[in-house]
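Working through the structure, step by step
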Amino acid sequence: EPEVTQTPSHQVTQMGQEVILRCVPISNHLYFYWYRQILGQKVEFLVSFYNNEISEKSEIFDDQFSVERPDGSNFTLKIRSTKLEDSAMYFCASSEGVDFPYGYTFGSGTRLTVV
Amino acid sequence: AQTVTQSQPEMSVQEAETVTLSCTYDTSESDYYLFWYKQPPSRQMILVIRQEAYKQQNATENRFSVNFQKAAKSFSLKISDSQLGDAAMYFCAYRSGIQGGSEKLVFGKGTKLTVNP
């Protein structure tokens, strides 16, 4: 079964450093998403991306965040200057379409720890 | 804004028994989709079942079924013949079905399900 692949599985970074989280969505999917889950809390939407541009973003997704699809296969989330509160599990998801019954396929996540 | 509430932080069930996880949601939209996702210790989010709001028939997927009560804005998940592998965090999620509307999933806080042998 096709999978969404995320790398790395765990990243530790110092506060103020830039991090790039990588995702390889399913090849025929057109819609891409990032979500995050702070430990013990609910999963929160960050951003959606379609046709090489952001289609929707949440209040969390401020100027410190950016997304890119650099080469037609990877989908990246960059945090420019990490804060302690950015520590969370970050999930990438992709979807073939936005109409039902298309569902979202999630990756296994990247655990980001900011120290 | 839409909200999803899962009132049971934790539930437990004996192996082979049936358990029901509760979910309520709040929305002013008439067209939407509802999902249950499972998150095992591996942390991957796995789709369990999905429901279109305009369909009155409750969705079923093998041992998993839902009780969708649109007027009550309730979307509970029933797991029959529970297995040890069902132990996980279960999240209820909402998505707008409005044409051109938001594609984001709105999640509840989750219910941790323990399956006892």
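For clarity, every value in this text was computed on a predicted model and none was experimentally measured. (Residues numbered from 1 in each chain as written. Chains lettered and ligands numbered in written order. Predicted model: local features only at pLDDT ≥ 70, side-chain atom pairs only at ≥ 80, totals over all residues. Heavy atoms only, no water.)

1. Comments concerning unusual backbone geometry
Note: most residues except glycine have negative phi, and most peptide bonds are trans. In this chain, Thr7(A) is followed by Pro8(A) through a cis amide linkage whose omega measures -10 degrees. When you line up the elements, Pro8(A) lands in the loop between strand 1 (5-7) and strand 2 (10-13). Here Arg43(B), not a glycine, exhibits a phi torsion of approximately 80 degrees, which is positive. Relative to the elements of secondary structure, Arg43(B) occurs in the loop between strand 5 (32-39) and strand 6 (46-52). Unlike most non-glycine residues, Asn62(B) shows phi in positive territory, near 55 degrees. With respect to the helices, strands and loops of the structure, Asn62(B) is situated in the loop between strand 7 (60-61) and strand 8 (64-69). Owing to a relative accessible area of 79%, Asn62(B) belongs among the exposed residues under this scheme. (Helix = DSSP H or I, 4+ residues; strand = E, 2+ residues; numbered from the N terminus. Buried < 20%, exposed > 50% of the residue type's maximum accessible area, 1.4 Å probe, protein only.)

2. Structural notes on the packing of aromatic side chains
Enumeration over the complete set of coordinates arrives at 21 aromatic pairs over all chains. Among the aromatic residues, those joined into a ring-pair cluster are Tyr33(A), Tyr35(A), Phe45(A), Phe91(A), Tyr104(A), Phe106(A), Phe35(B), Tyr37(B), Phe91(B) and Phe107(B). (Phe/Tyr/Trp six-rings, centres within 6.5 Å; stacked < 30°, edge-to-face > 60°.)

3. Section: the state of the cysteines
All names here are of chain B. Using the criterion set out here, one finds two disulfides over all chains in the structure. Two residues share a disulfide in this structure: Cys23 and Cys92, whose sulfurs sit 2.0 Å from each other. Given an S-S torsion of about -70 degrees, the disulfide between Cys23 and Cys92 has left-handed geometry. Taken together, the positions of Cys23 in the loop between strand 3 (19-21) and strand 4 (24-26) and Cys92 in strand 10 (residues 88-96) put the pair 69 residues apart, joining distant regions of the chain. (Disulfide = S-S within 2.5 Å.)

4. Some remarks on the pairing of strand 10 of chain B
Residue and element names in this part refer to chain B. Taking burial as the measure, the nine residues of strand 10 include eight buried ones, the bulk of the element. Alignment of strand 5 against strand 10, held across eight bridges, turns out to be antiparallel. Bridged to Tyr32 within strand 10 is Ser96. As paired strands, strand 10 and strand 12 (residues 111-116) are joined by three bridges and run antiparallel to one another. Paired with Ala88 across the bridge in strand 12 is Leu113. Sheet analysis places strand 10 next to strand 11 (residues 106-107), joined by two bridges and oriented antiparallel. Directly across from Tyr94, in strand 11, lies its bridge partner Val106. (Pairing = 2+ DSSP bridges.)

Any link to function would need more than the numbers given here.
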